[in-house]
Amino acid sequence: MKTQVLNIDEKSLQIAKEYIANGDVVAFPTETVYGLGANAFNEVAVKKIFEAKGRPSDNPLIVHVADKQAVYGIASEVTDDAVKVMDSLMPGPITIVLKKQSTIPHCVTGGLDTVAIRMPSSDEAQAFLSAVEYPICAPSANTSSRPSPTSWSHVAEDMDGKVPLILKGKDCQVGIESTVLDLSRDVPLILRPGMVTKSEIEFVLGKEVFFPDAIDKSMNSPGIRYKHYAPNCETFLNTDGDLQKIWDFFVENPDAGLIARDKFWGLTPKFFSLGKKAQEGAHNIFSALRDAEKVCDKLLIVWDLKGEEADGVFNRVIKSCGGKII
Ligand code: TXA
Ligand code: MG
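The rules behind each value
- Residues numbered from 1 in each chain as written.
- Chains lettered and ligands numbered in written order.
- Predicted model: local features only at pLDDT ≥ 70, side-chain atom pairs only at ≥ 80, totals over all residues.
- Heavy atoms only, no water.
- Helix = DSSP H or I, 4+ residues; strand = E, 2+ residues; numbered from the N terminus.
- Rg over C-alpha atoms; globule rule 2.2 N^0.38 Å.
- Buried < 20%, exposed > 50% of the residue type's maximum accessible area, 1.4 Å probe, protein only.
- Contact = heavy atoms within 4.5 Å.
- Areas by Shrake-Rupley, 256 points an atom, 1.4 Å probe, with all protein chains shown as cover.
- Pairing = 2+ DSSP bridges.
- Axes fitted to C-alpha atoms, helices over the stretch in contact; angles between N-to-C directions.
- Parallel < 35°, antiparallel > 145°, perpendicular 65-115°, else oblique.
- Left-handed = near helix turned anticlockwise from the far one by under 90°.
- Nonpolar A, V, L, I, M, F, W, Y, C, P; charged D, E, K, R; others polar.
- Expected span 1.5 Å × (residues − 1).
- Bend = angle between axes of the 7 residues up to and from the residue.

Here we look at the overall build of the protein
Broken down by element type, the protein carries 10 helices and 14 strands. Taking 326 residues into account, the globule formula puts the C-alpha radius of gyration at 20 Å, and the protein, at 19 Å, falls close to it. Each principal axis of the C-alpha atoms in the protein carries an extent, and together these give about 60 × 50 × 30 Å. For the protein, the residues scored as buried account for 56% of the 326 residues in total. In the protein, of all internal contacts separated by at least 6 residues, the share reaching a separation of at least 24 is 67%. If you sum the accessible surface of the protein, you get close to 13,800 Å²; carbon and sulfur atoms cover 51% of it.

As structure tokens, then:
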């Protein structure tokens, strides 16, 4: 299959609309990461997403909508908490999980009776979703287990020849995927941390919100079971920023790369910056992983920031390194 890469304009949006209507897959930018979209009501189209990514079929997809009204056509029960989150935090980098309507195919939800719904805030994602006129289910547009794509060129690296169209937009501003908030249970649960934090959600809901571990370790989001975000090089993580340990690592591995905040610049020539603050770390992490793997056999990530704004990046880097901590 030949993959077209087109700038987003009226003409390319019309082409995207035709592909989606014909049951094909289109890659598109959002403020978090690029997505691989198909008509959520078309099972044949949805299966093409799983094929293009090499994704296990029991890992459910997020349904993306342009406006709040569309949520009522997808969820069977839009709870009071859901309305609060929709009013205060959507559109934006958050996904809510609600009981699904029977019209949403099981292949979208991995057989679950719930559905994840997201309303992206970026102009480009909004333009795409408005043009295609269907709810669009979309995972991140990377090959399964690879770092998520935050620029059109990352999508092309993984998806060239596998999808007919990549809509070429700006680099993703947030840089890590949306916070996934399960509102289908007795208590609100954050299944995946992101840049919308626990405190922000608690402020909006006026009550406590939990992480699954606090309740039951087996209650994670299905996607959490799989290998994730791994670059093509042996990767280690340090979370305390201990200079002696980091120095020792580079004495032993002088050719290794370093992904870290700017204060660690100068320790080794192959340095990939996570900026200074948590937001910059989120913005840079996936492109740093993809840049580093091109020139490194071994890699050390140092993520020494703590606190809930830093949690999203921590959640990604702990998976990238397969739990190998120094
Ligand atoms: O920012 C994002 O969320 C991006 C962009 C493209 O919107 N999308 C994204 O999709 O990250 P994906 O497929 O890479 O991750 C979706 C996550 C997975 O961890 C999946 O298990 C979880 O959402 N999920 C989807 N439906 C669910 C459901 N019904 N119940 C629990 N978790 C669900
Ligand atoms: Mg993903």
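Observations regarding the sheet that holds strand 13 (residues 271–273)
Strand pairing in a sheet is mediated by backbone hydrogen bonds. Such pairs are either parallel or antiparallel. Ordered in space as 11-14-12-13, the four strands form an open sheet in which the pairing is parallel. This sheet does not close on itself; its edge strands, each paired only once, are strand 11 (234–238) and strand 13. Neighbouring strand axes in the sheet, compared pairwise and without regard to direction, differ in orientation by 20° on average. Both strand 11 and strand 14 (residues 298–302) contribute to a ladder of five bridges, which runs parallel. Of the residues in strand 14, the one forming a bridge with L237 is I301. Running at roughly 165° to strand 13, helix 9 (residues 278–295) makes contact with strand 12 (257–260), strand 13 and strand 14 of the sheet. Relative to strand 11, helix 10 (residues 308–320) is tilted by about 140°, and along the sheet it contacts strand 11 and strand 14.

Brief notes about the sheet that holds strand 1 (residues 4–7)
As summarised here, the arrangement of the 10 strands in space is 1-8-2-3-7-4-6-5-9-10, forming an open sheet in which the pairing is mixed. Each edge of the open sheet carries a strand with a single partner, namely strand 1 and strand 10 (189–192). For this sheet, the mean angle separating the axes of adjacent strands, direction not counted, is 35°. As paired elements, strand 1 and strand 8 (residues 165–168) share four bridges and run parallel to each other. Considered in strand 8, the bridge of N7 is made with K168. Along the sheet, helix 2 (residues 43–53) contacts strand 3 (35–39) and strand 7 (136–138); its crossing angle with strand 3, the most-contacted strand, is approximately 155°.

Here's the deal with the packing of helix 1 (residues 10–21) against helix 5 (residues 123–132)
With their axes 9 Å apart at the nearest point, helix 1 and helix 5 run at an angle of 55° to one another. One element, helix 1, and the other, helix 5, form an angle in the oblique class. Crossing handedness for the pair helix 1 and helix 5: right-handed. On helix 5, the residues that touch L13, A16, K17 and I20 of helix 1 are A127, F128, A131 and V132. Considered class by class, the residues forming the contact of helix 1 with helix 5 number seven nonpolar, no polar and one charged.

A look at helix 10
With 13 residues, helix 10 should cover 18 Å at 1.5 Å per step; its first-to-last C-alpha distance of 19 Å lies within 8% of that length. Within helix 10, the axis deviates most sharply at F314, by approximately 25°. Along helix 10, the residues classified as buried are A310, G312, V313, N315, R316, V317 and S320. Taken together, the buried residues of helix 10 touch strand 10, strand 11, helix 9 and strand 14. G322 sits one or two residues past helix 10 and shows a positive phi near 60°.

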